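# Results of the structural survey
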Amino acid sequence: MTLQSEASATHSAAPQPPGGRLLSGWFATGVPADLDQHLLRYGPAPLPGSKETVTALITAAEEAGLTGRGGASFPTGRKLRTVARARGTAVVVANGMESEPASLKDEVLLHVAPHLVLDGAQLAAAAVGADVIHLCLPRTRAAQRSTLALAAAERRREHLDRIPVQVHALPHHYVSSEETSLVNWINTGNARPLATPPRPFEKGVEGRPTLIDNVETLAHLALIARYGAAWFRTAGTPDAPGTVLVTASGAVHTPGVYEMPLGTPVGRILDTAGGAIAPIGAVLVGGFFGSWLPIEQAVRTAFSKSGLAAAGAGPGAGVIAALPHAACGLAETARILGYLAAQSARQCGPCQFGLPAVAEDFAQLAWGGLDRTGFDRLHRRIGLLPGRGACRHPDGAARLAATALQTFTDDVRQHFHRGPCPAAGTHGTLTVPTAPGPLQEGWQ
Amino acid sequence: MSAAKRLSIDRIACAGRGVCAELFPERVDLDEWGYPVIPDPTVPEHLLGHARRAVAGCPVLALRLDPAPPER
Ligand SMILES: Cc1cc2nc3c(=O)[nH]c(=O)nc-3n(C[C@H](O)[C@H](O)[C@H](O)COP(=O)(O)O)c2cc1C
Ligand code: SF4
């Protein structure tokens, strides 16, 4: 009932979003918000119509302190301003690819609040002066693609939107969602990353300045445009304002997507997801290209860019996965590394050869006998991944591998002296996709 | 004011031929598969000759010399 009383706040003088943030509509009604419901709840997006209102929107995004929710936590306002200033008519790309296997938040958000995302895309397009919006979704989510295409068409019919939206279905590989892959696919039909510079904000789709934002980032923008920067900052912390969608998985009672204030300790997020079903040993934070943290450290670490950076991690795509103490962190990591190696676009030597070699060494550590020489080689090979690919795929895999060796030192010792532990042989806690990879499915 | 430059590689174009390590050993090492490792990409003035030689010698034109980013 609290949601209803909060909903009445819309009618007070200072505009307030009814009942909370991105997922509030869903919690109030339990059904995805169609256009009527969306308009009832939020009204139409306040699209800027003049130079002044465009500037005000960008300034609001900056003052709100909104950062990208797609992985890098880059300041969204700064990106908007850069693209708005660039020469030539801009393009907006909404990144709904969610290639991270441990993340579900973009799929959930697009399901329950598609119009918040579409509002955000229209606002961003107005802010940067774009004449087209490309919404990129994975080919594996065909139903979502048609829902979104229908929603965009309906908005156009109702004259709510000024800028046409093209909904695309791209190959679903780990790096086909990287921003230059989206640009490459839209331009040429090849969803592999491009060498940079130029970065997409300088020269992207059709060689034009291109704003690429995660769909959750855009949905936050839609609320900031309505309720303002000060409102946005009423959740989160001064250096990490707002809320974030977190996908919690692993050994928790109710895995799922939760909207949390940024800066919430990881331990509290695990509690929100129902708490642990077994004693937890470590938490994977950020995603498959994230970091392992020992549970004692994880529980008190604030889930924000700066909070996690202090622990050597980052929020990534808003993922936390709890690993039971009894599970084998080395085997879990070896499985993920095998997947990441198979997902390489095989364009850059270090990623094509170095990453599979790391995965192979790690598999030996987990399941075979890796001797001292092999272990030293593994360390050296991990050290040679970061910064040596066109995209940051090898960097992410290296972070996962390096933090596993730090977090699971006891297991490493065990595996050395006694060979693989019994838990290494079980099927594992984290779900690693077994779908055919890019080698079979291609990049078109 | 310094005339220092910065060595960068197009990792997609790079085919691991190793010419750069031969022509510019002061900055370029190779990994076990023959791809360049550059722990320090800055190129001081006295090494610019070797750097230019390597850039010109790369058979796939994957090496580039950029102006060094301003010191902070
Ligand atoms: C290997 C790799 C995979 C990525 N996958 C995604 C993804 O699935 N979705 C996403 O929004 N961003 C992804 N990114 C980040 C994008 O390149 C880009 O930074 C982001 O979409 C920008 O939006 P934001 O500023 O709103 O976060 C990925 C980056 C890398 C290096
Ligand atoms: S680093 Fe790997 S995934 Fe990224 S562009 Fe190069 S080969 Fe492709």
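The following paragraphs examine the structure supplied in this document.

Along chain B, the regular secondary structure elements total 2 helices and 5 strands. Counting from the amino terminus, helix and strand elements in chain B follow one another as β-α-β-β-β-α-β. Taken over the C-alpha trace, chain B has a radius of gyration of 12 Å; the compact-globule value for 72 residues is 11 Å, and the two agree within 12%. The C-alpha extent of chain B, read off along each of the three principal axes, is 35 × 20 × 20 Å. Of the contacts formed within chain B by residues at least 6 apart in sequence, a portion of 58% connects residues at least 24 apart.

Residues and elements named next belong to chain A. Among the 16 residues in the neighbourhood of ligand 1, the closest are listed as Gly-70, Lys-79, Ser-177, Asn-214 and Thr-217. Between Asp-213 and ligand 1, the recorded distance is 3.1 Å, taken from a side-chain N or O atom to an oxygen atom. In this structure, Asn-214 approaches ligand 1 through a main-chain N or O atom, which is 2.8 Å from an oxygen atom. A total of 610 Å² of accessible area belongs to ligand 1 in isolation, and the protein chains cover 91% of it. Top element by residues in the shell around ligand 1 is strand β4 (residues 210-214). It accounts for 3 residues.

With that settled, the discussion passes to the interface of chain B and chain A. Contacts between chain B and chain A engage 10 residues on the former and 18 residues on the latter. In total, about 1100 Å² of surface goes out of reach between chain B and chain A, with carbon and sulfur atoms giving 61% of it. When residues of chain B are sorted by the area they lose upon contact with chain A, B:Arg11, B:Ile12 and B:Trp33 head the list and together hold 55% of the total. The interface formed by chain B and chain A includes 2 salt bridges. Here A:Arg388 and B:Asp31 are joined by a salt bridge, their closest N and O atoms 3.0 Å apart. Our enumeration of links across chain B and chain A arrives at 4 residue pairs in polar contact (both at pLDDT 80 or more).

Procedures and definitions
- Residues numbered from 1 in each chain as written.
- Chains lettered and ligands numbered in written order.
- Predicted model: local features only at pLDDT ≥ 70, side-chain atom pairs only at ≥ 80, totals over all residues.
- Heavy atoms only, no water.
- Helix = DSSP H or I, 4+ residues; strand = E, 2+ residues; numbered from the N terminus.
- Rg over C-alpha atoms; globule rule 2.2 N^0.38 Å.
- Contact = heavy atoms within 4.5 Å.
- Near = heavy atom within 4 Å.
- Polar contact = N/O pair within 3.5 Å; in protein donor to acceptor, adjacent residues only side chain to side chain.
- Areas by Shrake-Rupley, 256 points an atom, 1.4 Å probe, with all protein chains shown as cover.
- Buried area = accessible area lost by both parts, 1.4 Å probe.
- Salt bridge = Lys/Arg side-chain N within 4 Å of Asp/Glu carboxyl O.

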